[in-house]
Structures are given as structure tokens and as C-alpha cells.
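# Commentary on secondary and tertiary structure
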Amino acid sequence: MSEVTTISTASVGARDAFEWWSQVIGDTVMPVTTASPYADRFRGTATAVRLTDTEFSDFAFSPMAARRAAAHIRHGDPEQYFLLLVHGSPIGIEQRRNNTLLTSGEMTLFDTSHPLSCEFQDDGRLSHVSLLRLPRATLPVPQDGVDRLLGTTLSARTGSGALLSSYLTGLRAETGRCDPEELSRLGAVALALSETFLTALTNSTVPATHETRHHVLLTRVRAFIEANLADPDLRPASIAAYHHISLRTLHALFRQEPTTVAATIRHRRLERCRADLADPRMRDRPIAVLAARWGFLIPAEFSRAFRAVYGMSPSEWRSESVRPTNPCGSTGRPGSR
């Protein structure tokens, strides 16, 4: 099964679209009762990404309301938290006597084990949200502290909240071009950032060991790298300065990692370039433009680096990637022969 799955109401008739969408929500998130003034012409698209120990989902849909009652919970409860990030029209949400209106760029947390009410407001745009599932049983944050956050607006403007919001937005845009190994690493980073974010919000008194601090800082650095790969000025010195640590501390963080921080930046940029070169939507863009998009401003340097890692030039990889499938099922890509 594919790690990334996208479905749309375009695949069903207009008469059945809203009922089908309600079933999708029940299967991918949790069972709810739904209503919409657009039930006879409902539109919706959902992308689900399976990650390590979690799942990331992105939904765009016509305005609607959703309610989860005690009867739904008695019928079946996955016992999960969900972190919700708003991209489109405002959303009113109520859980555990907390009631808030979320606008684009804001986050909240909800729990499948408590009644919930959501009103996706109609302002002429599609509602658009991202959800990250957080397994409640393994979340290393006191449950009573997390429960106080349910249905409230969570700060996404500064600190770990801004970093997490930026990371989830990037995840939404790029997961379709990531291989399973990349998705596994990205999922681990998403969970670690969420744990750091919730720990800060709950003022958790769980003692932070040296290993924990090391892991949290390394996770923040990796997320920062992922979010800023397109910046040609992304270098170890700028990363250290942003995180208020010395260059020596930064290099020490990566001492037990497979690659140095500079090599990590270079590898991730090459992976993004390789994905763009294989993307049919970018077939008409010059290779130098795609390379510059990910921080390689000197074409000759990019070509040398690409060949050193993948054993062929960027143009050869692009040609191999778009080669049509032959009758035997081979795509003609490296490694498929």
C-alpha cells in the first residue's frame, strides 16, 4: 500500500458526495455526525500520509459542521489526540467547556475520548485543515496537563509552536514527493516537535535528562534544516546562531549521526532536487532553475554533487525518470532493472 493516499469527492456522484465524505472522516479520524448547507453539491479532497507511529492528514472541503457525542465515543474510541492546524476559513471548536474560534495559521488540540463540536465557517473559501495524530498512550506529557489544552487556541507564532506550524505546513506540501524512508524520518520529527511544543505549554515537570535535551535540540535543528533548505545561506553557522548555540555544540549534536550537519544539508537538498527532476509537472523547468530552488546556485557544482551521489548527471536522471513503463512493468528507473 502506498504511504501517501489522496481521495476526492470527484470520484463519486454529486448525490452521494457528502455521505461519502462523512464516512471518510469516520474512517480516517473518528465517527461524527455531520451537516452542511452544501450537502447537495459538496466538494472535498483528503490526503493521508502514514508516518512512523502516527499519521498526517490534510483536508480541503465545503463548509460543514461536525459533532462527536457520547454515543459515538461509546460505540468506538481510538483514544487519540489530534493536533489541528488551520489553513483556510475560520473554525469554531468546543471541547471540555473550552470554546474558541481558530483562524488561518492557528492550532488546537482535541481528544477522541470527549464530546466535540466543530463549525467550519462559510466565508466563501473551502475549509482547509491539517491533522497530526498523537498516540495518547505514548505521549510523554502528563495527561491532565494536555487535557487542559483541549479546544483552546495554541500559540503558533513563536518558539516551538512556530517551528511546528512551519514544519507541518511544509510536510503538507512535500510528502507526495518523499520516499518511505524519508516519510519515516519526517514522522519521527513531527512527533518530537509536537512533544516539545506540548511540554512547553503544559509546563511539564518531567525531568529533562541530557539525552532528552540532546534529542529535542537535534530534532529542532533537523526541522529547521528541512524548513529552510531553499535558503542558499543555510549553513552550520547560521543554524547555530538561530538556535543560540555555539558552532562546536552544533557539530557535537551530529557526532553520533550518519552525516555531519553540512553533509545533511547537502543530502537533503539533493533529495529535493532529485524529486523535482522526476516530477512530470516540472519537466519544462530548466535543471539550473530547479537546482537554485534548493540552494544550488552554481550549476557545475550541483552537477558534480548529483553525479557523485547518484552515479549519473541530473539530465540523465530526468530522462530515466520519465521513461514510460514497458510491457514487462519496468519503469526504466535506476534500480528497477
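Scroll up a little and you will see the structure.
Report on the accompanying structure. (Residues numbered from 1 in each chain as written. Predicted model: local features only at pLDDT ≥ 70, side-chain atom pairs only at ≥ 80, totals over all residues. Heavy atoms only, no water.)

## Focus on the layout of surface pockets
Put simply, the test is: Any residue with an atom within 4 Å of a point lines the site, the site being either a cavity, points on a 1 Å grid over the protein atoms alone where a 1.4 Å probe fits but cannot get out, or a pocket, an open set with protein on both sides within 12 Å along at least 5 of 7 lines. Grid points are joined across faces, edges and corners, and a volume is the space filled by probe spheres set on the points. Elements are defined by DSSP. Helices are runs of H or I of four residues or more, strands are runs of E of two residues or more, and each kind is numbered from the N terminus. Three residue categories are used. Nonpolar comprises Ala, Val, Leu, Ile, Met, Phe, Trp, Tyr, Cys and Pro, charged comprises Asp, Glu, Lys and Arg, and polar comprises the others, including Gly.
Within this model, the largest pocket holds a volume of roughly 510 Å³. What lines the largest pocket is a set of 20 residues, among which Arg-185, Val-189, Arg-222, Glu-257 and Thr-264 lie closest to the centre. For the lining of the largest pocket, the secondary structure elements donating two or more residues are α5 (180-202), α6 (210-227) and α9 (261-278). Across the lining of the largest pocket, the residue classes tally to nine nonpolar, five polar and six charged.

## A word on the packing of aromatic side chains
The line we're drawing: The pairing test for Phe, Tyr and Trp rings, Trp by its six-membered ring, is centres within 6.5 Å, and the orientation test on the planes gives stacked under 30 degrees, edge-to-face over 60, and tilted for anything in between. In this scheme, a residue with accessible area under 20% of its type's maximum is buried, one over 50% is exposed, and one in between is partly exposed, where area comes from a 1.4 Å probe on protein chains only.
Tallied over the full model, the rule gives 10 aromatic pairs. When the ring of Phe-82 is compared with that of Phe-110, the centres are 5.4 Å apart and the planes differ by 20°; the resulting orientation is stacked. A residue pair is termed long-range when its members are at least 10 positions apart, and Phe-82 in strand β6 (residues 80-86) and Phe-110 in strand β9 (residues 107-111) qualify at 28 residues. Both residues of the pair, Phe-82 and Phe-110, belong to the buried class. Summarising the aromatic geometry, the rings of Phe-224 and Tyr-242 are spaced 4.3 Å apart at their centres and angled 25° between planes, so their arrangement reads as stacked. Residue Phe-224 is located in helix α6, and its partner Tyr-242 is located in helix α7 (residues 236-242); the two are separated by 18 residues in the primary sequence. With a relative accessible area of 10%, Phe-224 lands in the buried category. Judged by its relative accessible area of 48%, Tyr-242 is partly exposed.

## Some words on the nonpolar core
Heads up, the condition is: In this description, a nonpolar core means a group of buried Ala, Val, Leu, Ile, Met, Phe, Trp, Tyr and Cys residues linked to one another through side-chain atoms lying within 4.5 Å.
Formed by 32 residues in total, the largest nonpolar core has its most connected members in Leu-83, Met-107, Leu-109, Leu-134, Tyr-167, Leu-168 and Leu-198. For this core, the elements supplying multiple residues, two or more each, are β3 (44-51), β6, β9, β11 (127-135), α4 (159-174) and α5. Sorting elements by how many residues they give to this core places α5 first, with eight residues. Residues Leu-229, Met-282, Ala-291 and Trp-294 belong to the second largest nonpolar core, which totals 30 residues.

## Considering the packing of α9 against helix α11 (residues 299-310)
Rules: Interaxial angles span 0 to 180 degrees and are taken between N-to-C directions of axes, which are lines fitted to C-alpha atoms, for helices over the stretch in contact. Throughout this description, any angle smaller than 35 degrees is read as roughly parallel, any larger than 145 degrees as roughly antiparallel, any in the 65 to 115 degree range as roughly perpendicular, and the remainder as oblique. Throughout, a residue-residue contact means that at least one pair of heavy atoms, one from each residue, lies within 4.5 Å.
It is at 11 Å that the axes of α9 and α11 come closest, and there the two elements cross at 90°. As far as their axial angle goes, α11 and α9 are roughly perpendicular. Facing α9, whose interface residues are Arg-266, Leu-270, Glu-271, Cys-273, Arg-274 and Leu-277, α11 presents Glu-301, Phe-302, Ala-305, Phe-306, Val-309 and Tyr-310. By residue class, the composition of the contact of α9 with α11 is eight nonpolar, no polar and four charged.

## Some remarks on the environment of Gly-151
Note on placement: Gly-151 falls in the loop between α3 (143-147) and α4. The exposure class assigned to Gly-151 is buried, which follows from its relative accessible area of 1%. The sequence separation of Gly-151 and Asn-99 amounts to 52 residues, and the corresponding C-alpha distance is 6.1 Å. Excluding residues that lie within four positions of it along the chain, Gly-151 makes contacts with Ile-93, Gln-95, Asn-98, Asn-99, Thr-100, Thr-108 and Leu-109.

## Quick notes on the pattern of salt bridges
Defined as follows: What counts as a salt bridge is simple: a side-chain nitrogen of Lys or Arg found within 4 Å of a carboxyl oxygen of Asp or Glu.
Applying the stated rule across the entire model yields 15 salt bridges. Among the salt bridges present, the one from Arg-125 reaches Asp-123, with a minimum N-O distance of 2.8 Å. According to the relative accessible area criterion, Arg-125 is partly exposed, its value standing at 42%. A residue is classified by how much of its surface remains accessible, and Asp-123, at 38% relative accessible area, is partly exposed. As a salt-bridge pair, Glu-257 and Arg-222 come within 2.9 Å of each other at their nearest N and O atoms. Taken together, the residues span a long stretch of sequence, with Glu-257 in the loop between α8 (247-253) and α9 and Arg-222 in helix α6 at a distance of 35 residues. The class of Glu-257 is partly exposed, set by a relative accessible area of 24%. Looking at Arg-222, the relative accessible area reads 24%, which means it is partly exposed. One connected set of salt bridges, linked through shared partners, spans Glu-226, Arg-268 and Arg-272.

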